[in-house]
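# Breakdown of the fold
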Amino acid sequence: MDMKYFAEMEAKIPHGKVRTRFAPSPTGYMHVGNLRTALYTWLIARNAGGTFILRIEDTDQGRLVEGATDVIYRTMAECGLNHDEGPDVGGPVAPYIQSQRRDTYGKYARLLVEKGGAYYCFCEKAESEEDSGDFNRAADPCRDIPFAVAQARVDAGEPFVIRQKIPADGTTTFHDAIFGDITVENNTLDDQVLLKRDGLPTYNFANVIDDHLMGITHVVRGSEYLSSAPKYNLLYEAFGWEIPTYVHCSPVMRDAQNKMSKRHGDPSYEDLKAHGYLTDAILNYVALLGWSPKGEHAEEEIFSLDKLAEVFDMTGISKSPAIFDIVKLDHFNAVYLRSMEPSTFAKVAEPYIRQSVKGNYDVAAIAGLLQARCEKLTEIPEKVDFFDNLPEYDVEFFTNKKSKTDPTVCKAMLEAAIPMLEALAIWDNDSIHDGLIALAEKLEVKNATLMWPVRIAAAGKMVTPGGAVEICQILGREETLRRLRLGLAKIG
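This one's a predicted model, so the numbers in the text were calculated from it and none came from an experiment. (Residues numbered from 1 in each chain as written. Predicted model: local features only at pLDDT ≥ 70, side-chain atom pairs only at ≥ 80, totals over all residues. Heavy atoms only, no water.)

## Re the nonpolar core
Of all hydrophobic cores here, the largest spans 104 residues; its most connected members are Phe345, Ile380 and Phe387. Here Phe345 is in contact with Leu337, Met340, Ala367, Leu370, Gln371, Cys374, Leu377 and Ile380, once residues within four sequence places are set aside. By size, the runner-up hydrophobic cluster in this structure holds 43 residues, among which are Val93, Val161, Leu194 and Met214. (Core = buried A, V, L, I, M, F, W, Y, C linked by side-chain atoms within 4.5 Å. Buried < 20%, exposed > 50% of the residue type's maximum accessible area, 1.4 Å probe, protein only. Contact = heavy atoms within 4.5 Å.)

Following this line, the structure appears as structure tokens:
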């Protein structure tokens, strides 16, 4: 073989920096486990001042979903996980899409055959048989065909796959940053296919070749790949390459028994966004699914992306599976919503407010009522629907033990409140508030005894964001008085 090609490929490999890669397959959506892998991979690079690479692994052509690559780009951009190299921005080891590297894999597979780490296999075996997991370590009859004979059959056009030649005996030990040293018996490993009959590589081969040629120093992936790691090690060794640091992360579970999966309706990143969760809250929560900060930050749970990049340490990644708890995510989301600048919250909340409030009301004022009172943006429309349309409500709403009200008490309160509000010189929060407080004092009742019927009549709901004063101010004088008179009429 002409070794010049391989020497040129080696010369392109960047060295001297931490280099990590996120390598998703464009198969439809970004589930929570995938997002966590992307986040941890990005954090390892950023924490070390290294390079983060986006690579698209599309060798499994049968599973590709149209538009899925766009979902990957959009999710990464929204989450702030910017890549330094990738299909859209290029880089020193392009291309970054596996299907565009097809010739590379064939050359390296043939090189591995020459080095004795692989062999041509001419057996008729269905791919489904390969993937079924039914492993029987019967020696492949093609394994011992002399290289010259096998090469002649290849040259004559006979169909073949290239298989990895696993040592027949002995053990292979690999090191993982999370799980430590793991040793396996070589006779438990199969001679996996590296290059298929159509000339495309298998996932297991392509990612080793790409990781080496892209200079990847830290390989982050799910712990389900631990069983493949010995075979990866043997590939690196057969080529005479340096083995990267493996970082295998335990799965994200729906509960103690089941992994999260799209099939079971578990949410993707886009689903969580659609359900009213903020990107920053999702990222913060996902970071803590299987990782804990150490040292002075051990007791903290709220981290911006920049802060995570500063404090992230691989040794904080857990061996135990993490359980995705939507209630905990609700908590994080509420914290993030409440810590927003009011103007920013109003901007984010506006589309949700406008779903149910079409009238000419002050959106920023409505947002001000909501900010401390919602956990998810999707709760907003139902909370503020009374502004446009006073709902039908029961006269029993006027009865409240704590406020010491019943319909009779409320009738007297509304009869006093209507003329007072009608006579206010200025319609603003302070005037309405001061007027109602002074009226309660005049009537010799608790503030709540007056506020309750005013709020119920104005909103027609038992639970509202904001109290009587804020709601009346936003509704305006005319609409407030109309609703209070309707309330009075309802009591009769």
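That was the structure; now back to the text.
## Observations concerning the pattern of salt bridges
Scanning the model with the defined rule gives 24 salt bridges in all. The residue Glu270 makes a salt bridge to Arg74 at a minimum N-O spacing of 2.8 Å. Remark: Arg74 occurs in helix α3 (residues 68-79) and Glu270 occurs in helix α9 (residues 269-274); sequence separation between them is 196 residues. Taking relative accessible area as the criterion, Arg74 reaches 37% and is therefore assigned partly exposed. Between Asp191 and Arg143 there is a salt bridge, with the nearest N and O atoms lying 2.8 Å from each other. Within this pair, whereas Asp191 is found in the loop between β6 (180-185) and β7 (193-195), its partner Arg143 is found in the loop between α5 (127-131) and α6 (147-155), the two being separated by 48 residues in sequence. Each member of the pair, Asp191 as well as Arg143, is classed as buried. Among the charged side chains, a network of salt bridges with common partners joins Arg21, Arg55, Glu57, Arg101, Asp210 and Asp211. (Salt bridge = Lys/Arg side-chain N within 4 Å of Asp/Glu carboxyl O. Helix = DSSP H or I, 4+ residues; strand = E, 2+ residues; numbered from the N terminus.)

## Some thoughts on empty space enclosed by the protein
Inspection of the entire model under this criterion finds 2 cavities of 30 Å³ or more. Approximately 50 Å³ is the volume attributed to the largest cavity. As for the largest cavity, its lining consists of Pro24, Ser25, Pro26, Thr27, Gly28, Tyr29, Met30, Asn34, Ala68 and Ile72. Forming the walls of the second largest cavity are Arg36, Tyr40, Cys249, Ser250, Gly290, Ile317, Ser318 and Ser320. Looking at the lining of the second largest cavity residue by residue, the class counts come to 3 nonpolar, 4 polar and 1 charged. (1 Å grid on protein atoms, 1.4 Å probe; cavity = no way out; pocket = protein on both sides within 12 Å on 5 of 7 lines; lining within 4 Å. Points joined across faces, edges and corners; volume = space filled by probe spheres on them. Nonpolar A, V, L, I, M, F, W, Y, C, P; charged D, E, K, R; others polar.)

## Examining the packing of helix α4 (residues 102-115) against helix α7 (residues 203-213)
Packing of α4 against α7 brings their axes to within 10 Å, and their N-to-C directions diverge by 95°. In this view, α4 runs roughly perpendicular relative to α7, as classed from their interaxial angle. Between α4 and α7, the contacting residues are Thr104, Tyr105, Tyr108, Ala109 and Leu112 on the first element and Phe205, Ala206, Ile209, Asp210 and Leu213 on the second. Tallied by class, residues from the contact of α4 with α7 come to 8 nonpolar, 1 polar and 1 charged. (Axes fitted to C-alpha atoms, helices over the stretch in contact; angles between N-to-C directions. Parallel < 35°, antiparallel > 145°, perpendicular 65-115°, else oblique.)

## Re the environment of Gly435
Looking at the element boundaries, Gly435 is found in helix α17 (residues 429-443). Exposure remark for Gly435: the relative accessible area of 14% places this residue in the buried category. Separated by 50 residues in sequence, Gly435 and Arg485 place their C-alpha atoms 18 Å apart.

## Comments concerning the layout of surface pockets
What the second largest pocket holds in volume is close to 290 Å³. Around the second largest pocket, the lining comprises 15 residues; the ones closest to its centre are His15, Gly215, Ile216, Thr217 and Glu242. Looking at side-chain class alone, the lining of the second largest pocket contains 6 nonpolar, 6 polar and 3 charged residues.

## Details of the sheet that holds strand β3 (residues 118-121)
Judged by pairing direction, the sheet is antiparallel, and its 3 strands sit side by side in the order β3-β4-β7 without closing on themselves. Only two strands of the sheet have a single partner each, and these edge strands are β3 and β7. Taking each pair of neighbouring strands and ignoring which way they run, the sheet shows an average axis angle of 40°. In terms of strand pairing, β3 meets strand β4 (residues 161-164) through 4 bridges, oriented antiparallel. Across the sheet, residue Tyr120 finds its bridge partner in β4, namely Ile162. (Pairing = 2+ DSSP bridges.)

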